[in-house]
Amino acid sequence: MVLSNFLFAQCICYFLAFLFSFIVVVPLSENGNDFHGRCLLFTEGMWLNANLTVERQRFTVQEWGPEAACRFSIFTGLLSLLLATVQAWRTLFFLCKGHEDSFFYAFLNLLISTFVVFITFIASTIVSVGFNMWCDAITEKGSMPNSCEELQDIDLELNLENSAFYDQFAIAQFGLWAAWLTWLGITILAFLKVYHNYRQEDLLDSLIHEKELLLGRSSSRTSLQDEKSGMI
């Protein structure tokens, strides 16, 4: 019963990790298509007058953000999605069959979960900080009359589609941080599983040792009785 509840909790966590990873990959991929491969994370720019005679301002990008920042975030989402899918299927199989992981596979699962927690935290931080820098640039750190969310409804004249960038990255940020919390929970469960298996192996070793002692005592008693019978 305890094993079934534990596997069920793991299965739920893997399903949530799959769901949150999915809502990371989709909006980031859409934004990459809308921006024609450019990455808005950590982008620097400012509002300048379109020309000397007209006061209309136009946002000018001084330097686009590194493409590696967006690619790493998408890669993290895809990795989390793939691992969550595989582990959810595997855990569901064990739950239906009533099987249990060995100590080696439980420890390997702990290492994998810890690694995913680490890279998901990095990706979440990159997206949050990078997107804040983009919003600071297009709002001039809040001095513009429009907010970052409102500016997605205005054509920035950058020869790209910017009508959904705020929604896309807001969803991606939520998905990444939610996935990080979920994988953190999975890691805690994996650690408890390793600890449980370790205690079980210790208990098994103790039982084997006690069995050997009992067998040794019974054999010595039998040999002693045989010797007494021989003397009589």
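Residues numbered from 1 in each chain as written. Predicted model: local features only at pLDDT ≥ 70, side-chain atom pairs only at ≥ 80, totals over all residues. Heavy atoms only, no water.

1. A short note on the nonpolar core
Let me state the cut-off plainly: For this analysis, a nonpolar core means a set of buried residues of the types Ala, Val, Leu, Ile, Met, Phe, Trp, Tyr and Cys, connected via side-chain atoms within 4.5 Å. In this scheme, a residue with accessible area under 20% of its type's maximum is buried, one over 50% is exposed, and one in between is partly exposed, where area comes from a 1.4 Å probe on protein chains only. Here a helix means four or more residues in a row that DSSP labels H or I, a strand means two or more in a row labelled E, and each is numbered from the N terminus. Throughout, a contact is declared for two residues whenever any of their heavy atoms are within 4.5 Å.
Counting residues in each nonpolar core, the largest one holds 27 residues, and the members touching the most others are Leu40, Leu41, Phe131, Trp134 and Phe165. Sorting the residues of this core by element identifies α1 (2-34), β1 (39-49), α2 (67-97), α3 (103-138), α4 (148-151) and α5 (165-231) as the ones contributing at least two each. With seven residues, α3 is the single largest residue contributor to this core. With residues up to four places along the chain from it excluded, the contact list for phenylalanine 131 reads Leu40, Leu41, Ile126, Cys148, Phe165, Tyr166, Phe169 and Gln173. One finds Cys13, Val117, Trp183 and Leu189 within the second-largest nonpolar core, a separate group that totals twelve residues.

2. Section: the pattern of salt bridges
Defined as follows: We define a salt bridge as a contact between a side-chain nitrogen of Lys or Arg and a carboxyl oxygen of Asp or Glu at a distance within 4 Å.
What the rule picks out here adds up to one salt bridge. Of the charged contacts in the structure, one is a salt bridge between glutamate 67 and arginine 71, with a shortest N-O distance of 2.8 Å. With glutamate 67 and arginine 71 both in helix α2 and four residues apart, the pair spans about one turn of that helix. Residue classification places arginine 71 among the exposed residues on the basis of a relative accessible area of 57%.

3. Observations concerning the side chain of glutamine 168
Using the following cut-off: Polar contact is the term for a pair of N or O atoms within 3.5 Å; when the atoms are in protein, one must be able to donate a hydrogen and the other to accept it, and sequence-neighboring residues count only if both atoms are side-chain atoms.
Relative to the assigned elements, glutamine 168 resides in helix α5. In terms of polar contacts, glutamine 168 uses its side chain to reach the side chain of asparagine 31, at 2.8 Å. Apart from the residues lying within four places of it in its own chain, the contact partners of glutamine 168 are Pro27, Glu30, Asn31 and Asp34.

4. Some remarks on the side chain of threonine 187
Looking at where threonine 187 falls in the secondary structure, it is placed in helix α5. Relative accessible area serves as the criterion here: at 13%, threonine 187 is assigned to the buried category. With sequence-adjacent residues up to four places away left out, threonine 187 is seen in contact with Leu110, Ser113, Thr114 and Val117.

5. A few points about the environment of glycine 77
Relative to the elements of secondary structure, glycine 77 occurs in helix α2. When the C-alpha atoms of glycine 77 and alanine 123 are compared, they prove to be 8.7 Å apart, with 46 residues separating the residues in sequence. With residues near it in sequence (within four places) discarded, glycine 77 still touches Ser21, Val24 and Val25.

6. Brief notes about a nonpolar patch on the surface
To keep things clear, this is the line we draw: For patches, a residue must show more than 30% relative accessible area and have no salt bridge; joins then use 9 Å for like charges and 5 Å for nonpolar side chains, namely Val, Leu, Ile, Met, Phe, Trp and Tyr. To be clear on the numbers: accessible area is Shrake-Rupley with a 1.4 Å probe, and residue cover counts the displayed protein chains and nothing else.
Taken together, the side chains of Phe8, Ile12, Phe15, Leu16, Phe18 and Leu19 present a nonpolar region at the surface, about 530 Å² in accessible area. Among the structural elements, leucine 19 can be located in helix α1.

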